[in-house]
Amino acid sequence: MIATQMTAHHPAADLSETIPCDQALGRVLAQPVITQSMVPSFDHAAMDGYALTTSTLIGNGPWALPIRARIAAGQAAPESLSGASAARIFTGAPVPKGADAVVMQEDVTRHGDQMLLTRRPARGLNIRHAGSDMMEGEIILEKGRRLRSGDIAACAAAGAGCVEVLKRPRVALLVSGDELRMAGGVRAAAQIWDVNTPMLLASLAATDAELVASVQGADHRIALAKQMDEMFAMADLVITTGGISVGEEDHVKPAFIGLGGEMLFSGVAIKPGKPVSFGRMGRSFWLGLPGNPFSAFVTWQIFGLALIRRLAGETVAVPARRHVVTKSAIRRKPGRCEFRPAMLAGFDPWGRDYVQFDDFTPSAGVKNLVSADGLIILPADIETLPAGSLVLFQPI
Ligand SMILES: Nc1nc2c(c(=O)[nH]1)N[C@H]1C(S)=C(S)[C@@H](COP(=O)(O)OP(=O)(O)OC[C@H]3O[C@@H](n4cnc5c(N)ncnc54)[C@H](O)[C@@H]3O)O[C@H]1N2
Ligand code: MOO
C-alpha cells in the first residue's frame, strides 16, 4: 500500500537553494548571512523631539533655540545644523550633521518657532548611532544554523531578503508487519492498528524533512528488499520499523544486508529499543527502529531526530537536554541505559524541575506518553537512585 506518491530523484543532501527569508523558518543555512551595510545605516533619532548641538548651549540655561528644520522618518536630513538652533525631529529620522543630542518633546516647552530647554542634555542623548547594532560585512548567522524567527528578523535587518539554505533531507518510511492495519480500520482477530506510521509521520512533519514515500511492508524478505531498494534511490534516509529482532519472521535486517547495505551498528545497550540499527547504502542511510511502538518512539526521539538534524546540515544535532530532579527513588536492573517517560511536577526549593515517572514502562504501550513531558535518561550502571537525584531529561 503506497500512501504517498513516490518521486524519483537521487539523494543530494549537500545541494542548496535560495529562498526569501520569510519562508526560511526552520531551514538550515548553506551560507553565512553577512550584513550588507551597517545597522542602523545612519545616525537617527530614538525619540520624537528636537535635535541640537550641545556645545552651542552656553552657560547654565535655560536656553531658547530657534527651530530651523523639520525632519520626519524617511526624509533626508538638512546638510547641517548651524549654531545654537534646533531641528524638530521624529523617531527614526536621520540626525542632521553637527547635532549630537535629541531632547524628548516632553522635556521642552514650545513657543511658536522656538523651543525652551532648562536642563543640559548629555552628548549622544537619544541618538542611535550608525553601526551600533551590526557592522558592515559582519557574519550574523553562521552556516549550519537552523533559522528561528529572531534570525529571520536579523536577516531582514542585515539586508538579506533571500538566504541560501540546504535542501531538505528526503525521507522514506517503511513500516513492516503483516498484522498491521490502518488505525481505526477493519481488522481481523490477530491484526492490530498501525501506531508507528501516524506517530512517525506526525513527528516528521514537525521537522524540515521532506517525506517522499510512506509504505507498509509485508513480512517477506524479497518484497522488503525491493521496497527498500526503491526507497534508497529516492531518499537520503530510509526509516523502517519492525522486523529487526532475532526471529525468523524478522526480515528487515536480512533485506538490508542482502541489498549490499553496510551495517554501521545493530543493537545498542539501551532500554527500550535494544535492536535499533543503522546503516549506509551508497549515499543514503537506513535507520531500523524496533516494531514495538514505545521502543520505536524512544529510538526515534533519541536517534532519529538527531539524524534528521545532521542530514539537514545542522551544526548542533543533539536536541536540548537539561538536568531535572527525581521526585521518587529509583530501583532498577542495571546494564542498559534507560529512557523513561517522565512528567514535570513542579519545582524543588532551588527552582529546578521535579519529575515523576512510573517504575515500569511496557515497550508496546504508548498510553504513558500522553502524560509524559520528556524522557529521563538513566545511565547503564545505575541500580538505585534516591529521591532528589539529578538526572538528564530530554523534552519530547
Ligand atoms: N527472542 C527474542 N525476541 C525478541 C527480542 C530478543 O532480544 N530476543 N527482542 C525484543 C525486543 S527488545 C523488541 S523491541 C522487539 C523488536 O522486534 P522487531 O523490531 O523485530 O519488531 P516486530 O517483531 O516486528 O514487532 C514487535 C511488536 O510490535 C508490534 N508492532 C510492530 N509494528 C507496529 C506498528 N506499526 N504499530 C503497532 N504495533 C506494531 C508487533 O505486532 C509486535 O507485537 O523484539 C522482541 N523480541
Ligand atoms: O528494546 Mo525492546 O524495545 O526493550 O522492548
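Residues numbered from 1 in each chain as written. Chains lettered and ligands numbered in written order. Predicted model: local features only at pLDDT ≥ 70, side-chain atom pairs only at ≥ 80, totals over all residues.

**Student:** How should the overall build of the protein be read in this particular structure?
**Tutor:** Scanning the protein from N- to C-terminus turns up six helices and 28 strands. A compact globule built from 396 residues should have a C-alpha radius of gyration of about 21 Å, whereas the protein, at 31 Å, is more than 25% larger. Dimensions of the protein along its principal axes, counting C-alpha atoms only, are 95 × 55 × 40 Å. Across the 396 residues of the protein, 37% fall into the buried class. (Helix = DSSP H or I, 4+ residues; strand = E, 2+ residues; numbered from the N terminus. Rg over C-alpha atoms; globule rule 2.2 N^0.38 Å. Buried ≥ 20, exposed ≤ 12 C-beta atoms within 10 Å, placed from the backbone.)

**Student:** I keep staring at the domain arrangement of the protein and nothing clicks. Help me out?
**Tutor:** The figure often quoted for interface size is the accessible area lost as the parts come together. Here the protein is described as being made up of domain 1 (20-38 + 133-166), domain 2 (44-128), domain 3 (170-311) and domain 4 (322-395). The distance between the C-alpha centroids of domain 3 and domain 4 comes to 27 Å. If you look at the interface, domain 3 gives 14 residues, while domain 4 gives 15 residues. Those elements that place two or more of their residues in the side of domain 3 that touches domain 4 are β19 (270-271) and α5 (293-311). Take the side of domain 3 that touches domain 4: its biggest share by element is seven residues, from α5. (Domains from an automatic or database assignment. Contact = placed C-beta atoms within 7 Å.)

**Student:** Can you walk me through the sheet that holds strand β8 (residues 109-111) in this structure?
**Tutor:** Strands belonging to one sheet form pairs held by backbone hydrogen bonds; the direction of such a pair is parallel or antiparallel. Reading across from one edge, β7-β4-β6-β5-β9-β8 is the order of the six strands in this open sheet, with mixed pairing throughout. Each edge of the open sheet carries a strand with a single partner, namely β7 (101-104) and β8. Averaged over all neighbouring strand pairs, the angle between strand axes comes to 40°, with direction disregarded. Here strand β5 (residues 63-71) runs beside strand β6 (residues 86-89); their pairing, made up of four bridges, is parallel. Of the residues in β6, the one forming a bridge with Arg-70 is Arg-88. (Pairing = 2+ DSSP bridges. Axes fitted to C-alpha atoms, helices over the stretch in contact; angles between N-to-C directions.)

**Student:** For this particular structure, what's the right way to read the site of ligand 2?
**Tutor:** Taken together, Lys-271, Pro-272, Gly-273, Lys-274, Pro-275, Pro-290, Asn-292, Ser-295 and Ser-363 form the complete shell of residues around ligand 2. Considered class by class, the residues forming the shell around ligand 2 number three nonpolar, four polar and two charged. (Near = placed C-beta within 6 Å. Nonpolar A, V, L, I, M, F, W, Y, C, P; charged D, E, K, R; others polar.)

**Student:** Would you mind showing me how to read the site of ligand 1 here?
**Tutor:** Taken together, 25 residues lie near ligand 1, and Asn-196, Gly-242, Ser-245, Pro-290 and Gly-291 sit nearest. For the shell around ligand 1, the residue count by class is eleven nonpolar, ten polar and four charged.

**Student:** Quick question: what am I supposed to make of unusual backbone geometry here?
**Tutor:** For residues besides glycine, phi is generally negative; the peptide bonds are generally trans as well. Cis peptide bonds are those with omega within 30 degrees of zero, and the linkage from Val-39 to Pro-40 qualifies with -10°. With respect to the helices and strands, Pro-40 occurs in the loop between β2 (33-34) and β3 (44-45). With an omega of -5°, the peptide bond between Gly-61 and Pro-62 qualifies as cis. Summarising the element assignment, Pro-62 is placed in the loop between β4 (49-52) and β5.

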